[in-house]
Amino acid sequence: MTQEERAIQADRMRFTKDKLSSNLVLIAIVFDALYFVSLYQTDIGSYYYNWKIGASVVYNLLFMLAAFLASEGVKSRKTGYTGLLIFLGVMQVVRIFYLPTQAAKDVVTVSGVEYPAMERGQYIYVVVCLIISAVCCIAAAVNSSINNRRLAQHMATLENKTA
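A few points on the structure.

Definitions and cut-offs
Residues numbered from 1 in each chain as written. Predicted model: local features only at pLDDT ≥ 70, side-chain atom pairs only at ≥ 80, totals over all residues. Heavy atoms only, no water. Core = buried A, V, L, I, M, F, W, Y, C linked by side-chain atoms within 4.5 Å. Buried < 20%, exposed > 50% of the residue type's maximum accessible area, 1.4 Å probe, protein only. Helix = DSSP H or I, 4+ residues; strand = E, 2+ residues; numbered from the N terminus. Contact = heavy atoms within 4.5 Å. Expected span 1.5 Å × (residues − 1). Arc of directions from axis to C-beta. Polar contact = N/O pair within 3.5 Å; in protein donor to acceptor, adjacent residues only side chain to side chain. Patch = residues over 30% accessible without salt bridge, like charges linked within 9 Å, V, L, I, M, F, W, Y side chains within 5 Å. Areas by Shrake-Rupley, 256 points an atom, 1.4 Å probe, with all protein chains shown as cover. Salt bridge = Lys/Arg side-chain N within 4 Å of Asp/Glu carboxyl O.

1. Concerning the nonpolar core
Among the nonpolar cores identified, the biggest contains 17 residues, and Y35, L39, Y47, Y48, A103, A117 and M118 are the most heavily contacted of them. Secondary-structure elements contributing two or more residues to this core are helix 2 (19-40), helix 5 (99-105) and helix 6 (120-162). Examining the composition of this core, we find that 5 residues originate from one element, helix 6, more than from any other. Setting aside its immediate chain neighbours within four residues, A103 contacts Y47, Y48, A117 and M118. Membership of the second largest hydrophobic core comes to 15 residues, among which are A28, A66, L88 and C136.

This is the structure:
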């Protein structure tokens, strides 16, 4: 790609939306939804009827709200949302060690029969969903940051040319 083509591509960024970053965040929301649907459909005794599930529901709602807000922000090339996306991505990884890991280790007794609170296959599924969600959030933040920096550099060269 020649220097002129790069300049044209950077100039187009002024008038287009950052769809890749926005779509990555939306994919993160979808995988978070797949995670919580899998987790909340589990019904082993009374293991999943406690305050932890309530806190998880509230966190999921806050995650989806913040992620959607960040999706709209990065689409409009606003710089303040990259930090939020990195935070959300890190929190998705931290969540792996909260409910899924505890449930995979615990055993529930129902009518004298012991069952794992979470089967190994479900554990792997929910962990993969959270990891994909985290990777999408962090990738969106990195992509948005790179694009915003590139656009800012291009705008600075335009200001230097007109001055």
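And the narrative resumes.
2. With respect to unusual backbone geometry
Positioned with a positive phi, R77 is a non-glycine residue whose angle comes to about 65°. Turning to its location among the elements, R77 is positioned in the loop between helix 3 (51-75) and helix 4 (81-96). Phi angles above zero are rare outside glycine, and S111 is one such case at about 55°. Along the polypeptide, S111 turns up in the loop between strand 1 (107-110) and strand 2 (113-116).

3. Describing helix 4
Taking 1.5 Å per residue, 16 residues should reach 22 Å; helix 4 reaches 23 Å between its end C-alpha atoms and fits that length. Along helix 4, the positions that sit buried rather than exposed are T82, L85, L88, G89, Q92, R95 and I96. End-on, the buried residues of helix 4 take up no more than an arc of 145°, which puts them together on one face. Residues of helix 4 that are buried make contact with helix 2, helix 3, helix 5 and helix 6.

4. Let's talk about helix 3
Compared with an ideal rise of 1.5 Å per residue, which puts 25 residues at 36 Å, helix 3 spans 36 Å between its outermost C-alpha atoms and is within 8% of the ideal. Along helix 3, the positions that sit buried rather than exposed are I53, S56, N60, F63, A66, A67, A70, S71, G73 and V74. Next to the buried residues of helix 3 lie helix 2, helix 4, helix 5 and helix 6. The N-capping residue of helix 3, defined by a side-chain oxygen 3.0 Å from the backbone nitrogen of K52, is N50. In the segment just after helix 3, R77 is the residue with positive phi, at about 65°.

5. Description of a nonpolar patch on the surface
Taken together, the side chains of I86, V90, V94, I138, V142 and I146 make up a nonpolar region of the molecular surface, amounting to roughly 460 Å² of accessible area. Taken together, the elements giving at least two residues each to the nonpolar patch come down to helix 4 and helix 6. With respect to the secondary-structure elements, I146 resides in helix 6.

Just distances and angles here, no functional claims.
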